[in-house]
Amino acid sequence: MTHHVGTRAAAPAQGKGWAVLALLCLAQFMLIIDITVVQVALPTIGADLALGREALTWVVTTYTLCFGGLMVLGGRLADALGPRRTLLAGLALFTAASLVCGLAGDGGTLIAGRAVQGVGAALLSPAALAVVTTVFHGERRARALAVWAAIGGSGAAIGVLLGGVLTDGPGWMWVFYVNVPVGLLVLAAVPRVVPARVEDGIEDGVEDGAPRGGRVDVGGALLVTLATALLIYGLVSAGDGGWGAAGTVLPLGGAALSYVAFVLVERSVRAPLMRVETLARRPVVSGAFVMLVATGLMLGLFFLSSLYLQHVLGYSPLRTGLTFLPVAVAITLGAHLGGRLIGKVGGRPVAVASFLLTAAGAALMTRVSPEAGAFTTLVPGFVLAAVGIGPAFVTATTTTMANVPPGENGVASGVINTFHELGGSIGVAVASTVAASSLVPGAGAGGFTSGLVLCAVVAGVAAVISLALVPPGRPAGAFVGHGHGH
């Protein structure tokens, strides 16, 4: 979320300001790691808790679903109740839910814990960013936001490595337990480090249509989350029951109706979660599309690759994490390259080239077979795809924020962030369904190949759509950055 900053909160001393940033970056780092750290642990979790394909899919998607579906609501609550209060509430929820996940003895408890983790993240992340934009001003704010944006790439890289180290060492439970001491540390430090006056640092006026202290569109947030949950449920069910089964058709129909209901609610409420007029703007549609597809491809490829390496090639979790390390680094490098290129050639050619690279990389990955090593088949293609995915993140954010009116920056930013998380949920669900025949130990690589072929086709189609959809021209220099805020 982008928040307007008032004049009543004086900037703290420089050293104190950077202490605030370090603390909030640590909290945000936990949220980002939690998206990728679980990917490496999935096969071990499935074996230990006797979870099938559908349950393992929900272990990943439930977190990103609740995180994305409720993130704009979290930003609105930060405006209405104050960012520091919302930050503390989200952090407490996330920490407690992490403990529940680690203690889980069955799939239902683990998935429920992941849902609460997502709710906590949806409160914590926008509130933390609101504190950063309130505490820092001018050039210092730009530097602080650059640090904040860099967390995304480093979080992905460390997440895959940490997932392997913890799962192979003390056990998969520590993938979640590690959040508890960090969360408690930040909870204890926030009241001392983050000044209480940041609650007054956001204007009492209207921020993107939401008066501070006014009504919060809870109904809209729940509807868009329910719609996406039904969509994911239908997609996952299709892997076993087929596309014509009642368990597939009914949830997908319910998802369509819920999305329609969401649009109607947003048209009727005084302070909508997302203005329909903003959602209909071409730059917002373009950014949401690019972000949705890029994140779906990234997490879908991680999901398939983790299970392939451990189920088919017999890799340990640690070896899997180490194998993924160049992929995570490639995403970060791609994002930095994209940030430089967009200012020179514009967002459209970068988006098209990004998806073409991703399509080529996924196509190379389809050569996987039990007889071939990962570093001759899977990894080179995945690294190439990752180099393409990084600039797509930058394009989604930059071209959107540079082409919407200033008064709609907050809503547009919230939409892009929401589609980042929801794209991951949908991508994993689709990949799981297409590769269903291989997502059990010893089943061979056929299903994985089908999933990778689909990823290549989706990326190729996205390149063609981007050619028509992404706005032409170069954005103003002030809008060129290094990608998604997390």
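It should be noted that the structure appears before, not after, this text.
Residues numbered from 1 in each chain as written. Predicted model: local features only at pLDDT ≥ 70, side-chain atom pairs only at ≥ 80, totals over all residues. Heavy atoms only, no water.

Concerning the environment of V178
Considering the arrangement of structural elements, one finds V178 in the loop between α7 (174-177) and α8 (179-193). V178 gets classed as partly exposed once you look at its relative accessible area, which sits at 29%. (Helix = DSSP H or I, 4+ residues; strand = E, 2+ residues; numbered from the N terminus. Buried < 20%, exposed > 50% of the residue type's maximum accessible area, 1.4 Å probe, protein only.)

Examining helix α12 (residues 282-312)
Over its 31 residues, α12 extends 43 Å from the first C-alpha to the last, a length consistent with the 45 Å expected when each residue adds 1.5 Å. With respect to burial, α12 is a largely interior element, 27 of its 31 residues being buried. (Expected span 1.5 Å × (residues − 1).)

What to know about a nonpolar patch on the surface
A grouping of V453, V457, V461 and I465 is seen on the molecular surface, where their side chains present a nonpolar patch of about 300 Å² in accessible area. Looking at the element boundaries, I465 is found in helix α17 (residues 446-469). (Patch = residues over 30% accessible without salt bridge, like charges linked within 9 Å, V, L, I, M, F, W, Y side chains within 5 Å. Areas by Shrake-Rupley, 256 points an atom, 1.4 Å probe, with all protein chains shown as cover. Salt bridge = Lys/Arg side-chain N within 4 Å of Asp/Glu carboxyl O.)

Concerning the nonpolar core
If you look at the biggest cluster of nonpolar residues, it comprises 124 residues, and the most contacted ones within it are L24, V38, I45, L110, W148, F302 and F355. At 18 residues, helix α1 (residues 14-49) tops the list of elements feeding residues into this core. Leave out the neighbours within four places in its chain, and I45 touches V38, A50, L51, L110 and W172. In terms of nonpolar packing, the next biggest core, distinct from the first, is built from nine residues, A229, I232, L422 and A429 among them. (Core = buried A, V, L, I, M, F, W, Y, C linked by side-chain atoms within 4.5 Å. Contact = heavy atoms within 4.5 Å.)

Quick look at the packing of helix α3 (residues 71-81) against helix α5 (residues 107-135)
Viewed as axis vectors pointing N to C, α3 and α5 meet at an angle of 55°, and their least axial separation amounts to 7 Å. Relative to α5, the element α3 lies oblique. Of the two possible hands of crossing, α3 and α5 adopt the one that is right-handed. Of α5, the residues touching α3 (which contributes M71, G74, G75, L77 and A78) are A122, L123, P126 and A127. Classifying every residue of the contact of α3 with α5 gives seven nonpolar, two polar and no charged. (Axes fitted to C-alpha atoms, helices over the stretch in contact; angles between N-to-C directions. Parallel < 35°, antiparallel > 145°, perpendicular 65-115°, else oblique. Left-handed = near helix turned anticlockwise from the far one by under 90°. Nonpolar A, V, L, I, M, F, W, Y, C, P; charged D, E, K, R; others polar.)

Honestly, that's just the spatial picture; any functional story needs more than this.
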